[in-house]
Every structure is written in C-alpha cells, then in structure tokens.
Amino acid sequence: MPKTFFAISMLISISLSAWAQRADVAARLGYPEMVLYNGKVVTMDDPSFESKVGTIVQAIAVRGNRILATGSNAEIQALAGPKTKSIDLKGKVALPSFVITHEHPTDWAFQEPRAMTHVMPDGDPVIHMWMPNIAPKQQLAKFEPMMQEALRKAKPGQWIFLSFNYGPDYEHATEMSQLFAKSISKAWLDQLAPDNPVKVRNGFITSFVNQKAIDELKNVHPSLSVISEDGGGGALQDFLKYGGGFSRPVEPDAMFKGRLPLLAQVLKSELELWASYGATAFASSPYAYNNLAAFHYLDQRGEMPARFAWGYPGPQWDIETLRILASTVNTGTDRLWMVGAFGANGGNCMTVPERSDWKLDREELPGRREGCNLNPGSPARKRVEDVIKSGLRIATIHTGGDRDIDNLMDAIEEASKEAGFTLDEIRAKRHAFDHGAGAPRPAQIPRIKHLGMMASLNNTLLWEPPGVVPNMTGTSLMARIYGIEYTSWVSPRKSMTEGSVMTGFEIDRPLPHKIFFFLWKGMTRYNDRDRKVYGPGERTDRIVQLKALTRWGAYYVLREKLMGTLEPGKFADFVVLDQDVLTVPEDQIPGIKVLMTSVGGKLVHLTNAFGSEIGLTPVGATTWKENFPEGWK
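These numbers come from a predicted model, not from an experiment.

Conventions we followed
Residues numbered from 1 in each chain as written. Predicted model: local features only at pLDDT ≥ 70, side-chain atom pairs only at ≥ 80, totals over all residues. Heavy atoms only, no water. Disulfide = S-S within 2.5 Å. Helix = DSSP H or I, 4+ residues; strand = E, 2+ residues; numbered from the N terminus. Pairing = 2+ DSSP bridges. Buried < 20%, exposed > 50% of the residue type's maximum accessible area, 1.4 Å probe, protein only. Salt bridge = Lys/Arg side-chain N within 4 Å of Asp/Glu carboxyl O. Phe/Tyr/Trp six-rings, centres within 6.5 Å; stacked < 30°, edge-to-face > 60°. Lys NZ or Arg CZ within 6 Å of the ring centre and 35° of its normal.

(A) Structural detail: the state of the cysteines. Applying the stated criterion across every chain yields a total of one disulfide. Here Cys349 engages in a disulfide with Cys372; their sulfurs sit 2.2 Å apart. Disulfide Cys349-Cys372: torsion about the S-S bond near 105 degrees, hence right-handed. Taken together, the residues span a long stretch of sequence, with Cys349 in the loop between strand S16 (336–341) and helix H15 (379–389) and Cys372 in the loop between S16 and H15 at a distance of 23 residues.

Structure (structure tokens):
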C-alpha cells in the first residue's frame, strides 16, 4: 500500500512538474492569446480510413495564427498569461472548420442576395433586384415590372442585375430553369433596356445578358475567349447570338470594372457568410481575373476571412504558359494559393446504356449534353494531356459519368509517360476529379488509388431535383436514364473510403446553410422528392463525412500539414457547435448550428447569444442589419 501511494505521488509530482514546465515555456516564448477550455475538442487527427476521429481533448490554446497546444483543462489553462482570453466552452464541441472542395463563392456572391445587399444596400453603383420565394410563373409575371422599376432608378449606362429564385430548398429549381430558358431572351432585354447593361440569372448560374452587357465585357476582353473557355464548345457563339450561358466573368470583370475595392468587399462578405456556417477554406477556379485580383487585394490588407485554393481555368493553354503555372502549384500565401488546373471538363457519358424507355426531352432538361469530352484525339483531351505534360496537377475539374473518368486516367498515364514522370511522381501530383456525378464505378477505384488520385464528391446530387445542372447527373436523374442500380455510382463515398481513397466534400450550390443537411444526406442517401433511398450500400456514418469535410479536404488543397485537424503547429481554424455532432440523433444533424468560427485564431463568426455567454462582441454575418429580400436564406 505505501508503495502504491508513493507511485501515485510521484506521478502527480511529475505531472505537476510537466505542467509547470509548459507554463514556463509559454511565459518565455509568448503566452497564448486565447484558451478554450471545458469543451469537447475533436481533433480529427486519426489518419486512417476507419470511422475514428482520433484524439478528443478538453482544451486548446492559440497563439498567433496557430494552435499552441491541446490537452486537459489543467494543462492548457496553466499556459494562460495575464492577457490571455479564456473561453469556457461549457461542454460544447469544437471541430476543425470545414474545407469545401469544388465550391464557388465567387459565383455565389452574385447568386444569393446577402453579400451584395450587405455591401450595396441602396443598389448603388449596381442596381440589384431579387425575386421573392414564390412560384416560378408568379416570378415571371413580376419580371417586367421589376425591370421597369430598375430602369426608373437607373442612370444611362448603369448596370442592372436581377436574379430569379430557386427557393432556399430548391423547391422551384426544375420548373424555374425550364421556364427561364423558354421565357427570357437577349432580344427582350435589348428591348427593355437599350441604354443599360443587364444581366439576369435563372436562380443558379445560367444567365441572359443584353447587347450592352456584351459590349461592356468586350471592352475588357476583346476576343471574349473567357466565355469560350468558361462554357465549353459553342458557348461563345451562343453568347454572342443569344446572350445565354454561364458568362461568369460578366459580373467581376465588366460589372465591377474599375471597382476592385467594392468587388473585394462583396467577395469578403460572401466568405463571411459561408464562415457563419463553418466553411473557411475552398477549392475552386476564380473564373475571372478580377475575382483573383479582389482576393489578392483582401489578402494584402489582412482582410481575407477564409482560405481560397484556386485552380487555373484558362483561357491560355499553350505549353509554355502551363509550365510556368506548374512551377506555382502550392505557392502563394496562407490565405490564397494555387492548386492546379483542369484544361477541359469531363463529359456526361457512361459505360452503361440508357434505359430503353428513356427519351431525352430537351424541353424538360434544357442544356443537357450527352457524350464524352475527353475521348482520345479530341481537342479537350489534348488540352488535358498538355496540362499533365507541363507538370501541372489536374484539380478543380468538372466531371460527369464514369467513361470520361476512364479517359482522364488514360490521359494521366499516357501523358505522364510521354513527359517521363515516374509512378511516384504521378502519385505526388494528387490528380483529382470532382462531383461524383456517375463516377467512379466500383472497378475504377483500385486504379484511382494506384495513381494516387482523389475525388471531390457532391452530396447535393443525392437530394436535388433534375434540371438544376442538367450536365450533372444526380441520383433521381440517374435512375431515370440508366436505372436505379447505377445510383450507387453517384457520390460513392463508402466505396472510395473502403478502397483507401480520400474524398473531399462539396455542395457546389449557393446553399451554405445546408452543410450539415448534406452531411446527413451522405449518411442516409434519402431523396426527399422521390421518397427513395438511392444506392443504400453507399451510406456512411457521420465520421466518414466529417473526415471528408476536414482532414481529407485539407489533403485536396495540398495543405494537410497546416489545416484539417486541430494539432499543435497547425492553423487555428475551428468551429464551435451548439450540439454534439458525434452523439446527436442522426435526424437532428441538419439542425446543428455553428456558434463560433475561427480562421487563424481570428474570430470571423460569433453569434449574439454565444458572444454574450463568453463575454465577446459578436462578429461576422450574424451582425448584419440589412433587410434581405423576401424568401432568401
């Protein structure tokens, strides 16, 4: 008994001595600015493909923009200095903040009204108008009166922007996309607004512009090659003739021409909005030079509220340009860096035949294109091969069905061999494909792993109605075209995980309020509209989904040594939740709220209620006071 007492005393003495040493080190090297204690800090440091989160601790210390230490309450509180802000989490869960792969905040800033309304509440210098959440036919009935109202306010030459509304749950998406394609036209916009550039969105990215808008874009991009590269084959001709398409550069490059600081504030606000739902890092193409310039503007001034890993979208694809770009992969700053290019997108093509009773109705799904883009000998295939030969990484690419994933992997192997890359060098690139809209099929997964590839998978495709993005096949449409047995090829996260292939997590829609909803969809694969579970064998538990949102996403953006887990030396990027995501009943996961978000130790989101609890002033989108248009989240 005395020996046992002596051993316990020695352990306590050693522990106290260790704590004292750590406190002494903190005193000499610098106290933490912030300590969070009495929480459930889920570090996500487990490196396996198993359903394990790794270490869970009570407390975390932050100094500068990094995590100083994690541990017990006593260990971490011992590090606090006289100016350290100590925050009692009162048992709440903290996680690494979310890395959303293949996400487009530079699109969403112009697709839902909160960022633009916050920055330009009076509609100046851009008059922006937003349809309420009403039935699509009612929205169309309001269109001309709204345009007339905008024109009464507008000065000659002033930009007018109007967006229809898919609804916060995309309840109007299919009907609205169909009616928009039939009803809005360049000719009508020219007639309504001959003296003002106009852009009208359908509720997503598809748009129509008038001739004045085309002329304004030509002033910036005389060849309009940015439109050709943005939309694929025939896009430029359609844009010039009909004013239709994605035309992403119109807003940043033409509408905000000469207004870089204003554009920067709009994009900053959009990033703050996503941060209020836990997302603090994105992988995407910026799709316009002015978007990238605006991010650089924010970054230089220390105002970038999130991290953006960008992929090159063109329009220059000559080998010398690509070689220069290859030398810049994973270079930049802590908030803005380059991760690759894609050259051309994968097509909407499958290795399985269409169902005999499926008849493609272009009126029902306007804009859907069948066929492969990356077949051998095609211009798109050559461009992808040139990207690979230059030493660039394939990343942020849009892909469709499994056949073009075969083509993509063939291109990787053949072009790499021609360039003299070894298998280890190929694997080191971490080539990736995005969406999971019909790929991979099970037999492709070993080859994906062999090449060191990964994929960004889109859980939105398990839920949304057909027609939102006609060239991205979700489970509902997959069942109709190819058969229900192939719906397991849509976002097959479980098979990828079991095959030891990392997957990122994407939404690829302006729906930041649905992050936890889509996490849950990955668990259930239940399509609310069809009332069916599609591909039940691909359901996962919540931990696999969380790994995709955190540590695997960090791997996609090439920064796993700096983010994705809560470990000493990594960026202090974390969220605090109002419920325990690890234990809350599954059907309550969609209701989880983010109370606090930190990026590099700086709070970019803090709710009023939680701020009052911990004695800090609320920050971020939760503090915005503007009256947002009716029916928008």
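(B) Structural context of the sheet that holds strand S12 (residues 207–209). Read across the sheet, five strands follow the order S9-S10-S11-S12-S13 without closing on themselves; strand pairing throughout is mixed. Each of the sheet's edge strands pairs with one partner strand only, and the pair in question is strand S9 (127–130) and strand S13 (244–245). Pairing analysis gives four bridges linking S9 to strand S10 (residues 160–163), with the strands arranged parallel. Residue pairing in the sheet places Trp130 in a bridge with Ser163 of S10.

(C) Geometry of the pairing of strand S22 (residues 574–577). Burial of S22 is two-sided: the residues Phe574 and Val576 facing one way and the residues Val575 and Leu577 facing the other way are all buried. As paired strands, strand S7 (residues 93–96) and S22 are joined by three bridges and run antiparallel to one another. Among the inter-strand pairings, Ala94 is bridged to a residue of S22, identified as Val576. By the bridge criterion, four bridges tie S22 to strand S23 (residues 594–599) in an arrangement that is antiparallel. Bridged to Val575 within S23 is Thr597.

(D) Main features of the pattern of salt bridges. Using the criterion set out here, one finds 29 salt bridges in the structure. Its salt-bridge partner being Glu414, residue Arg381 comes within 3.1 Å of it at the nearest N-O pair. Highlighted residues: Arg381 in helix H15 and Glu414 in helix H16 (residues 402–419), separated in sequence by 33 residues. The exposure class assigned to Arg381 is buried, which follows from its relative accessible area of 2%. The class for Glu414 is partly exposed, based on a relative accessible area of 44%. One salt-bridge network, in which partners are shared between bridges, spans Lys90, Lys92 and Glu613.

(E) Layout of the sheet that holds strand S24 (residues 602–606). Pairing within the open sheet is mixed, and its six strands lie in the order S3-S2-S7-S22-S23-S24. The open sheet has two edge strands, strand S3 (56–57) and S24, and neither has a second partner. Here four bridges tie S23 to S24, and the two strands are oriented antiparallel to one another. Bridge pairing in S24 links Ser598 to Leu603.

(F) Summary view of the packing of aromatic side chains. Using the criterion set out here, one finds 21 aromatic pairs in the structure. Centre to centre, the rings of Phe143 and Phe164 are 5.8 Å apart; their planes meet at 25 degrees, and the pair counts as stacked. Of this pair, Phe143 sits in helix H5 (residues 136–153) while Phe164 is found in the loop between S10 and helix H6 (173–183), placing the two residues 21 residues apart along the sequence. Note on accessibility: Phe143 and Phe164 belong to one class, buried. For the pair Tyr486 and Trp489, a centre-to-centre distance of 5.0 Å together with 75 degrees between the ring planes defines the contact as edge-to-face. A network of ring pairs unites the aromatic residues Tyr166, Tyr170, Trp463, Phe517, Phe518 and Trp520 as a single cluster. When the ring centre of Phe571 is taken as reference, the NZ or CZ atom of Arg307 above it lies at 3.9 Å.

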